[in-house]
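Letter by letter, the chains look like this.
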Amino acid sequence: MPAKIPATVVTGFLGAGKTTLIRHMLQNANGKRIALIINEFGDLGVDGDILRGCGDETCREEDIMELSNGCICCTVADDFIPTMEKLLDRDDAPDHIVIETSGLALPQPLVRAFNWPGISTRVTVDGVVTVVDGPAHHAGTFAHDVAAVDAQRAQDDNLDHETPLSELFEDQLACADMIVVNKSDLMDSTALDATTKTLTEASRPGVRVVQASMGALPTSVLLGLETAAESDMEARHEVHHHHHHDDDEDHEDGDHHHDHEHEHGHDEFESFVVTRGEITDAKAFSDHVVSVIRAHGILRLKGFAAVQGKPMRLTLQAVGPRIDTYFDAPFGAAPRETRLVVIGQAGLDRAAIEKALTEDTVAA
């Protein structure tokens, strides 16, 4: 029997740096051909476009598949399994499969899906990698050990309240084989050490907690963990119970009875696309985007901008008020326009945000 193809699940909250980590992985794959399955949250496949823009033959256009029909943990039977089977049925199967979940996905149902009869003999979970925004975690976001967070944030009463978002974060840590403390370059050594210690104590014994800047980790660190996570689900305790029951339940009829009614926080988020024409000043537009994010409490913003006189598209990726921009690829035959996905908690003032991001004055 041929060896099972290893698959790595990359999970983490919105804006932690999953796409950046995968992009770096592709650019340093050393000949290993990697296929990607991306669970995009939003109306625009920005993550897929960013990864296609890496220009590396390691991951060809046909090796990138996007699941845009909803959260991956809610569409296992209808979306993920058929996509995985299609990938495995190819004559030129990949050396490794990387699955990027959306920030809202629970990793446990996805890992359990690797026990389904259609794929269980052909692919195995090499490891679950959870990416954590180091500075945000240290500031108190989704941190439940109050003593480990910044002193001022420790005075915030909100830290004592359990929320669906914090449960999501706990589930992502509970399922991890490796935790990546990303954006370590934005932290001093004391904060970085404290965050690493807190995450180590919050994870299962033996889980590796590593530090990274811009997701830059060697593939030898990320790949080849060989955990066979799908056979070790009892150890990956779920904080949030969403009624995906026993591994063998409902496999025969292909229906997993998704009766959890999105109780893990989907309805607390919304996303929409803002489209506008070219901008004239990349720096001024980036600064303005940050001001809009601050003014409206936007969690995540990502997309592309067309800059007058520049053949390359400007990629923008922001989590909170922190934004990264870079020119990544020519527009080619694509229309020269600016398209941004805005993601935030329910109740965003969409009209005001669209107006602010499309005003002609912001690009001047």
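Our subject in this report is the structure included herewith. Per chain, the residues get numbers from 1 upward, laid out in the order the sequence is written. In keeping with the predicted nature of the model, local features appear solely for residues at pLDDT of at least 70, side-chain atom pairs appear and are counted solely at 80 or more, and the whole-chain, interface and lining totals rest on all residues. Excluding hydrogens and water, the side-chain figures rest on all heavy atoms present in the structure.

Note on conventions: DSSP H or I runs of at least 4 residues are helices, E runs of at least 2 residues are strands, and numbering of each starts at the N terminus. Check the secondary structure of the chain and you find 11 helices and 12 strands. Partly exposed residues are those whose accessible area sits between 20% and 50% of the maximum for their type, while under 20% is buried and over 50% is exposed, using a 1.4 Å probe and protein chains only. Here the chain holds 364 residues, and the buried ones make up 55% of them. Residues are treated as being in contact if the distance between any of their heavy atoms lies within 4.5 Å. A fraction of 77% describes how many contacts in the chain between residues 6 or more apart in sequence connect residues 24 or more apart. Each accessible area is a Shrake-Rupley result for a 1.4 Å probe, and residues are judged covered by the shown protein chains and nothing else. Entry remark: accessible area of the chain is about 15,300 Å², with carbon and sulfur atoms responsible for 48%.

Each nonpolar core is a collection of buried residues, namely Ala, Val, Leu, Ile, Met, Phe, Trp, Tyr and Cys, held together in the definition by side-chain atoms within 4.5 Å. Counting 24 residues, the largest nonpolar core has F80, M84, I97, I99, F114 and V123 as the members making the most contacts within it. Mapped onto this core, the elements with two or more residues apiece are β1 (5-12), β2 (34-38), α3 (76-88), β4 (96-100), α4 (107-112) and β5 (123-133). Of all the elements, α3 adds the most residues to this core, at five residues.

Turning next to the pattern of salt bridges. We define a salt bridge as a contact between a side-chain nitrogen of Lys or Arg and a carboxyl oxygen of Asp or Glu at a distance within 4 Å. Under the defined criterion, the tally for this structure stands at 13 salt bridges. A salt bridge links D177 to R236; the shortest N-O distance between them is 2.8 Å. Of this pair, D177 sits in the loop between α7 (164-174) and β6 (178-182) while R236 sits in the loop between α9 (219-222) and β8 (269-276), and the two are 59 residues apart along the sequence. There is no split in this pair, since D177 and R236 are both buried. D287 is the partner of K283 in a salt bridge, and the nearest nitrogen-oxygen pair spans 2.7 Å. One end of the pair, K283, and the other, D287, are both in helix α10 (residues 282-296), four residues apart, so they sit about a helical turn from each other. When salt bridges with common partners are traced through the structure, they connect D177, R204, D232 and R236 into a single cluster.

The span expected for a helix works out to 1.5 Å for each residue beyond the first. For helix α8 (residues 189-202), which comprises 14 residues, the first-to-last C-alpha distance of 20 Å matches the rise-based estimate of 20 Å (1.5 Å per residue) to within 8%. Buried within α8 are the following residues: A191, L192, T195, T196, T198 and L199. The buried residues of α8 occupy one face: seen down the axis, they fall within an arc of 165 degrees. The outward face of α8, more than 90 degrees from its buried face, is lined by the exposed residues S189, T190, K197 and E201. Two or three places before T190, at the start of α8, stands the capping residue D188, its side-chain oxygen 3.2 Å from that residue's backbone nitrogen. Note that the arc is defined by the directions from the helix axis to the C-beta atoms. Polar contact is the term for a pair of N or O atoms within 3.5 Å; when the atoms are in protein, one must be able to donate a hydrogen and the other to accept it, and sequence-neighboring residues count only if both atoms are side-chain atoms.

This part covers unusual backbone geometry. A positive phi angle, near 65 degrees, is found at K183, a position not held by glycine. Relative to the helices and strands, K183 resides in the loop between β6 and α8. In this structure, E226 is a non-glycine residue whose phi angle is positive, near 55 degrees. Within the fold, E226 resides in the loop between α9 and β8.

Another point: the side chain of R313. Relative to the helices and strands, R313 resides in strand β10 (residues 312-319). With relative accessibility at 13%, the residue R313 sits in the buried group. In terms of polar contacts, R313 uses its side chain to reach the side chain of D328, at 2.8 Å.

Two faces belong to every sheet, and in a regular strand the side chains alternate between them. Taken across its five residues, β2 has five buried, putting it largely inside the fold. A two-sided burial pattern is seen for β2, the buried positions comprising I34, L36 and I38 on one face and A35 and I37 on the other. Strands are treated as partners if at least two bridges between them are detected by DSSP. Pairing of β2 with β4, which is carried by five bridges, proceeds in the parallel orientation. Bridging from a neighbouring strand, I34 pairs with H96 of β4.

Moving on, we come to the environment of P107. One can find P107 in helix α4. Taking the relative accessible area as the measure of exposure, P107 reaches 0% and is therefore buried. Considered as a pair, P107 and V9 are 98 residues apart in the sequence and their alpha carbons are 7.9 Å apart. Those residues in contact with P107, other than ones at most four positions away along the chain, are D171, Q172 and C175.

Okay, the packing of aromatic side chains next. Paired rings are identified among Phe, Tyr and Trp, the last through its six-membered ring, by centres lying within 6.5 Å, and are further divided according to the angle between planes into stacked (under 30 degrees), edge-to-face (over 60) and tilted (the rest). Following the criterion strictly, the structure yields zero aromatic pairs and no others. For a ring to carry a charge above it, either NZ of a lysine or CZ of an arginine must fall within 6 Å of the ring centroid while also lying within 35 degrees of the normal to the ring plane. Sitting over the ring of F304, R313 keeps its end group 4.1 Å from the ring centre.

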